[in-house]
Amino acid sequence: MTTALTLHYHPLSSYCQKVLIALDELGIAADLQLLDLGDAAQRAAFLALWPTGKMPLLIDGSRVVPETSIIIEHLQRHHAAAGRVLIPHEPDAALEVRLWDRLFDQYVMTPMQAFTADLLRPEAKRDALNVAQARERLASTYALIDKHMAGRSWAAGEAFTMADCAAAPALFYAVTYLPIGAEQTRLNAYFERLMARPSVARAVDAARPWFRFYPGHGGLARRFFDPEAA
Ligand SMILES: N[C@@H](CCC(=O)N[C@@H](CS)C(=O)NCC(=O)O)C(=O)O
C-alpha cells in the first residue's frame, strides 16, 4: 500500500466511483481530496491542473494522470497490491476488458449523464429530443448487456475487472432514469451481483450522504437512498 497518491474526486460522481472501486479492488490507499467544481476558486485551480475539468484526477508524485481507464491502468501497473488485477495480462483478455469498459463508459455513462445534465438545466432550456435519444441509447445498451451476460458472472468473464468498475456506477445511476426490464433477467442478476460486491457497496455508502443532491434521486431505490427505512 502507498499513500503518495492523491485523487481529486467527489463521492457522488459516477466516474469517481469507478476509480474508488478500482482502488479498493487493487488494495491501494490514496489521499482522497474532495473537489467542489461549483466553487469558483477550486474550479480554477483544478482547470490549471487538468484543462478538461473532468474528475477524477490522480496525482502520482509529479505525474498528473487523467481519464478513469488510464488511471486504473496506471494504478494497476504501478501500485496494485500483490496478486490484484483488474486488467488481465493476457492481451486478448485485456482487449475484451477494455472493450466492455469502453462500452459502459460510452453507451451507459454518457446517456445517463445526458439525463442528469438535462435536469440541471433551467426548465426552459431542457431538450426533450436529447433525452429521448439518451433513453433509446440506454434501452439498446441494456438489451446488448442482457444478451452478453448469458453464461458470464462479470462483464468480461469469470473475474471482476475494470469493465465491472465502469459498469457498477454507470448502471447504478442509469436505472434511476430507465429501470431494467423485468424480462432482462441476466442484466438484473448482473446489477444485483455488482451491488453486492463489497467494493461497490462501499462506494455507494460513501456517496449516500450526497444522494439528496443527485438530480435523479427520485428514481433511486429506497434500499440505496435510505437503507434504514427500506
Ligand atoms: N472520460 C472521463 C469522464 C469523466 C467525467 O465525465 N466526469 C464528470 C463527473 S462524473 C465531471 O467531471 N463532470 C464535471 C463537468 O463536466 O464539469 C473519464 O473517464 O475520466
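Here is what the cut-offs are and how they apply
Residues numbered from 1 in each chain as written. Predicted model: local features only at pLDDT ≥ 70, side-chain atom pairs only at ≥ 80, totals over all residues. Helix = DSSP H or I, 4+ residues; strand = E, 2+ residues; numbered from the N terminus. Buried ≥ 20, exposed ≤ 12 C-beta atoms within 10 Å, placed from the backbone. Contact = placed C-beta atoms within 7 Å. Core = buried A, V, L, I, M, F, W, Y, C linked by C-beta atoms within 7 Å. Domains from an automatic or database assignment. Near = placed C-beta within 6 Å. Nonpolar A, V, L, I, M, F, W, Y, C, P; charged D, E, K, R; others polar. Pairing = 2+ DSSP bridges.

> Help me out: how do you make sense of the overall build of the chain in this one?
Secondary structure summary: the chain contains 9 helices and 4 strands in total. Counted from the first residue to the last, the chain has its helices and strands arranged as β-α-β-α-β-β-α-α-α-α-α-α-α. Projecting the C-alpha coordinates of the chain onto the three principal axes gives extents of approximately 45 × 45 × 35 Å. Classification of the 230 residues of the chain by burial places 34% in the buried group. In the chain, once contacts between residues fewer than 6 apart in sequence are set aside, the share between residues at least 24 apart is 70%.

> What should I look at first to understand the nonpolar core in this one?
A general tendency of soluble globular proteins is for nonpolar side chains to be buried together. Counting residues in each nonpolar core, the largest one holds 58 residues, and the members touching the most others are Ala170 and Leu171. Considering every element that reaches this core, the biggest residue donor is helix H6 (residues 162-177), with 13 residues. Shared between two domains, this core takes at least three residues from each, and those domains are domain 1 (5-79) and domain 2 (91-225).

> Please explain the site of the ligand as it appears in this structure.
Around the ligand, the neighbouring residues are Ser13, Ser14, Tyr15, Leu37, Gly53, Lys54, Met55, Glu67 and Thr68. Here the shell around the ligand is composed, by residue class, of 3 nonpolar, 4 polar and 2 charged.

> I tried to follow the domain arrangement of the chain on my own but got confused; where do I start?
A common way to express how large an interface is: the accessible area buried when the components associate. Along its sequence, the chain is organised into domain 1 (5-79) and domain 2 (91-225). Centre-to-centre separation of domain 1 and domain 2, based on C-alpha positions: 20 Å. Between domain 1 and domain 2, the residue contacts involve 12 residues of the former and 19 residues of the latter. Elements supplying a minimum of two residues to the side of domain 1 that touches domain 2: helix H1 (14-26) and helix H3 (68-79). Looking at the side of domain 1 that touches domain 2 element by element, the count peaks at 8 residues for H1.

> Hey, could you run me through the pairing of strand S3 (residues 57-60) in this one?
Sheet faces and side chains relate simply in a regular strand, where the side chains alternate between the two faces. Bridge count for strand S1 (residues 5-9) against S3 is 4 bridges, and the pairing is antiparallel. For leucine 7, the partnering residue across the bridge sits in S3 and is leucine 58. With 3 bridges connecting them, S3 and strand S4 (residues 63-65) associate as antiparallel partners. Looking at S4, one finds that leucine 58 is bridged to valine 65. Taking the residues between adjacent antiparallel strands as the criterion, S3 and S4 are bridged by 2 residues, where glycine 61 takes a positive phi near 65 degrees.

> Is there a simple way to explain unusual backbone geometry in this structure?
Among all residues except glycine, the phi angle is most often negative; among peptide bonds, the trans geometry is most common. A cis geometry characterises the amide bond from methionine 55 onward to proline 56, with omega recorded as 10 degrees. Along the chain, proline 56 turns up in the loop between helix H2 (40-49) and S3. Its identity as a non-glycine residue notwithstanding, glutamate 67 has a phi of 70 degrees, on the positive side. Looking at where glutamate 67 falls in the secondary structure, it is placed in the loop between S4 and H3. Judged by local crowding, glutamate 67 falls into the partly exposed class, with 17 C-beta atoms found within 10 Å.

> Whenever I open this one, the environment of isoleucine 72 confuses me. Can you help?
Following the sequence through the fold, isoleucine 72 ends up in helix H3. Note on isoleucine 72: 28 C-beta atoms within 10 Å, which makes it buried. In this structure the C-alpha to C-alpha distance between isoleucine 72 and valine 200, which are 128 residues apart in sequence, comes to 15 Å. Excluding anything up to four places from it in sequence, isoleucine 72 contacts Val19, Ala22, Leu86, Met162 and Cys165.

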